[in-house]
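Letter by letter, the chains look like this.
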Amino acid sequence: MAIQQKLQARLSQKLILTPSLQQAIKLLPMSTLELVDLLTQEVVENPLLEEVPAEEQQQADASAQVDKADPDPEPTSDRQDTWDDADYEYFFGDYLDDGYRPRAPREVKELPPIENTLSTTSSLADHLAWQLSLRTSDDLLREIGAAIIGNLNEDGYLVASIDEIAAMGAWPNGEVERVLRLVQTFDPVGVAARNPQECLLLQIRHLGLEGTPCETIVREADYLRLLQRHQGAELARRLGMSIAELKRNLEILQHLDPKPGNRLNPVASQYVIPDVSIVKVEDQYVAVLNEDGMPQLRISPVYRRMLDKGSNNSEETRAYVKEKFRSALWLIKSVDQRQKTIHKVATSIIHFQREFLELGIEHLRPLVLRDVANDIGMHESTVSRVVNNKYMHTPQGVFEMKYFFHSGIHSSYGENVSSVTIKQRIRKIIEREDARKPLSDSRIARLLQEDGLVLARRTIAKYREELRIPTSSQRRVLY
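Residues numbered from 1 in each chain as written. Predicted model: local features only at pLDDT ≥ 70, side-chain atom pairs only at ≥ 80, totals over all residues. Heavy atoms only, no water.

Asks: I'd love a proper account of the overall build of the protein chain, names of residues and values included.
Replies: In terms of regular secondary structure, the protein chain is built from 22 helices and eight strands. For the protein chain, the proportion of its 479 residues judged to be buried stands at 37%. Of all intrachain contacts in the protein chain linking residues separated by at least 6 positions in sequence, the fraction that spans at least 24 positions is 63%. Accessible surface computed for the protein chain: about 30300 Å², of which carbon and sulfur atoms make up 50%. (Helix = DSSP H or I, 4+ residues; strand = E, 2+ residues; numbered from the N terminus. Buried < 20%, exposed > 50% of the residue type's maximum accessible area, 1.4 Å probe, protein only. Contact = heavy atoms within 4.5 Å. Areas by Shrake-Rupley, 256 points an atom, 1.4 Å probe, with all protein chains shown as cover.)

Here is the structure:
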């Protein structure tokens, strides 16, 4: 039997992710700020991309208003691309216009001057250095004090030992300890302590409570462990006092600050900029994309004319411009497609969660990615990428778009109830309970069963732990 080699042509279909499609998929999970950074970088790297100036944007807004008023405008000219590749004219015809603006017109807001938006806050180190300069004029003490202040963490605790600080400038240990005691008298009270116990003792001393049961509780490690375990009866017995007297002392301890430095080292607020806003127009809710700060891109007409047949450019130049032209068109189309997809998903969420928008969290419906995917005719993975890192401003507040997707539990009344709604009911049941007789997880399950929600005790315990609510026995001890 002879073996022969033959060449055969075979036609088959394969699903291949082209680089352009990969770019479009990569844009979906990006937040608005990340997308702005990407577009800015692309404008720098691709000479065919340019941002439309603000003056032309205003003219485009004015022309858009005229087009709305006159639905049948007469064409002013017939523009035809002279590039021989007709496919780009077919697929990107709307994007080849120099003044292309796919997004809805928006007003250009006058921003305040940048110098009016800047502010400085005093840090813990600045506050302590200022007090040190007022308390002493000795250069040696100021150097040691600066070394101590420089070794404080954000909570105000000293993270270096006396020996380590003394070695920084060859200072005597006695001088370092003397300056440390001086710094420990500064505001905020309790700063420069070496451990939480010393921090609380400094605050007790400042309040003039030396020799009181408060100092005894803090100074004795066994008493602190009993307090941590909520064994109040045993702690009162060892101190030889009644429960009422112990409560009065514990109220004082509760007002002490174990992290005094946090007040002067505030964490910078992280503001959330919603990607979508839900606006009620008459009786309907409408999704409006937030595109403030997003650059509007277009193809540079100067470089685009280099592709015309009549231009005197070399083939190498035309090939380079053609490659950048192709990349720029795909980017503009991908951004536009991203915005349209986000709008579709937001509109579908409005359709499913209208009761939540009207009445609040207790009316949040169970929703999965498959429901929205089927509604808008897209794949679940696409919807998953869209809702990632996106925020939505609703009449009930600002929420992540992922917040609206939760599993549901079928009630005996024939309706599906979201797990978020069940957690909210559990929280309200515990808030209304008698603190002297906290409800167990089994009792909460029976109360929910009376409302038609059949849940296992372990499910109640899982939801309660997610809400960070202690067990019934722990709540009883806390009371």
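Asks: Go over the confidence of the model for the protein chain with me, naming the residues and quoting the values.
Replies: Residues with a pLDDT of 70 or more make up 81% of the protein chain, whose mean pLDDT is 81. In this model residues 73-86 is a low-confidence stretch, pLDDT under 50, and it forms 13 contacts with partners more than four residues away in sequence or in other chains. Within the model, pLDDT remains below 50 along residues 104-108, and this stretch shows 10 contacts once partners closer than five positions in the same chain are excluded. (pLDDT = per-residue confidence, 0-100.)

Asks: Help me get a handle on the packing of aromatic side chains, residues and values and all.
Replies: By the definition in use, this model includes five aromatic pairs. Ring centres 4.8 Å apart and planes at 20° place the aromatic pair Phe 399 and Tyr 403 in the stacked group. The class for Tyr 403 is partly exposed, based on a relative accessible area of 21%. Measuring from ring centre to ring centre gives 5.9 Å for Tyr 403 and Phe 404, while their planes differ by 80°; the resulting arrangement is edge-to-face. A relative accessible area of 1% means that Phe 404 is categorised as buried. Joined through ring pairs, the aromatic side chains of Phe 356, Phe 399, Tyr 403 and Phe 404 make up one cluster. (Phe/Tyr/Trp six-rings, centres within 6.5 Å; stacked < 30°, edge-to-face > 60°.)

Asks: Quick one: what's the story with the pattern of salt bridges, residue by residue and with numbers?
Replies: Between side chains of opposite charge, a pair can form as their charged atoms come close. In the structure shown here, the tally under the stated rule is 17 salt bridges. For Glu 215, the salt bridge is made with Arg 219, and the minimal N-O distance between the two is 2.6 Å. Placement of both Glu 215 and Arg 219 in helix 10 (residues 213-219) is noted, with a separation of four residues, approximately one turn of the helix. Relative accessible area serves as the criterion here: at 13%, Glu 215 is assigned to the buried category. When its relative accessible area of 44% is taken as the criterion, Arg 219 is described as partly exposed. Glu 433 is the partner of Arg 475 in a salt bridge, and the nearest nitrogen-oxygen pair spans 2.8 Å. Of this pair, Arg 475 sits in helix 22 (residues 472-478) while Glu 433 sits in the loop between helix 19 (419-431) and helix 20 (441-450), and the two are 42 residues apart along the sequence. (Salt bridge = Lys/Arg side-chain N within 4 Å of Asp/Glu carboxyl O.)

Asks: Tell me about the nonpolar core, residues and numbers included.
Replies: Across soluble globular proteins, nonpolar side chains show a tendency to be buried alongside one another. Counting 28 residues, the largest nonpolar core has Val 276, Ile 278, Val 345, Val 372, Val 383 and Met 392 as its most contacted members. Broken down by secondary-structure element, the contributors of at least two residues to this core are strand 2 (276-281), strand 3 (284-289), helix 15 (315-352), helix 16 (354-359), helix 17 (369-376) and helix 18 (380-387). It is helix 15 that provides the largest number of residues to this core, a total of six residues. Not counting chain neighbours up to four residues away, the residues in contact with Val 383 comprise Val 345, Leu 369, Val 372, Ala 373, Ile 376 and Phe 405. (Core = buried A, V, L, I, M, F, W, Y, C linked by side-chain atoms within 4.5 Å.)

Asks: Outline the side chain of Asp 441, listing residues and values.
Replies: Checked against the element boundaries, Asp 441 lands in helix 20. If we ignore the near neighbours within four places in the chain, the residues touching Asp 441 are Arg 457, Ile 460, Ala 461 and Arg 464.

Asks: I'd like to hear about the pairing of strand 6 (residues 397-400), residue by residue, with values.
Replies: For strand 5 (residues 391-394) and strand 6, the ladder comprises four bridges, and the chain directions are antiparallel. If you follow His 393 over to strand 6, its bridge partner there is Val 398. (Pairing = 2+ DSSP bridges.)

Asks: Give me helix 20: which residues, what numbers.
Replies: All of the buried residues in helix 20 are Asp 441, Ile 444, Ala 445, Leu 447 and Leu 448. Down the axis, helix 20 shows its buried residues gathered within 160° of arc, on one side only. Directly beyond the C-terminal end of helix 20, a positive phi value near 95° is found at Gly 452. (Arc of directions from axis to C-beta.)

Asks: Mind laying out the side chain of Glu 42, listing which residues take part and the relevant values?
Replies: Mapped onto the elements of the fold, Glu 42 is located in helix 2 (residues 32-45). No salt bridge is formed by the buried Glu 42; the nearest opposite charge belongs to Lys 26, separated by 6.2 Å. What Glu 42 contacts, discounting residues up to four positions off in sequence, is Leu 49 and Leu 331. (Lys, Arg positive; Asp, Glu negative; His and termini not counted.)

Asks: A description of unusual backbone geometry should follow, citing residues and the corresponding values.
Replies: The linkage connecting Asp 187 with the following residue, Pro 188, adopts the cis geometry, with an omega of 5°. Topologically, Pro 188 is positioned in the loop between helix 8 (173-183) and helix 9 (196-206). You will see that Ala 170, though not glycine, has its phi angle at about 55°, which is positive. Of note, Ala 170 is situated in the loop between helix 7 (162-169) and helix 8. Residue class for Ala 170 comes out exposed when judged on its relative accessible area of 73%. One non-glycine residue, Arg 468, lies in the positive phi region at around 60°. By the element assignment, Arg 468 lies in the loop between helix 21 (457-466) and helix 22.

Asks: Go over a nonpolar patch on the surface with me, naming the residues and quoting the values.
Replies: On the surface, a nonpolar cluster with roughly 270 Å² of combined accessible area is contributed by Val 279, Val 281, Val 286 and Val 288. When residues of the nonpolar patch are traced back to their parent elements, those giving at least two are strand 2 and strand 3. (Patch = residues over 30% accessible without salt bridge, like charges linked within 9 Å, V, L, I, M, F, W, Y side chains within 5 Å.)

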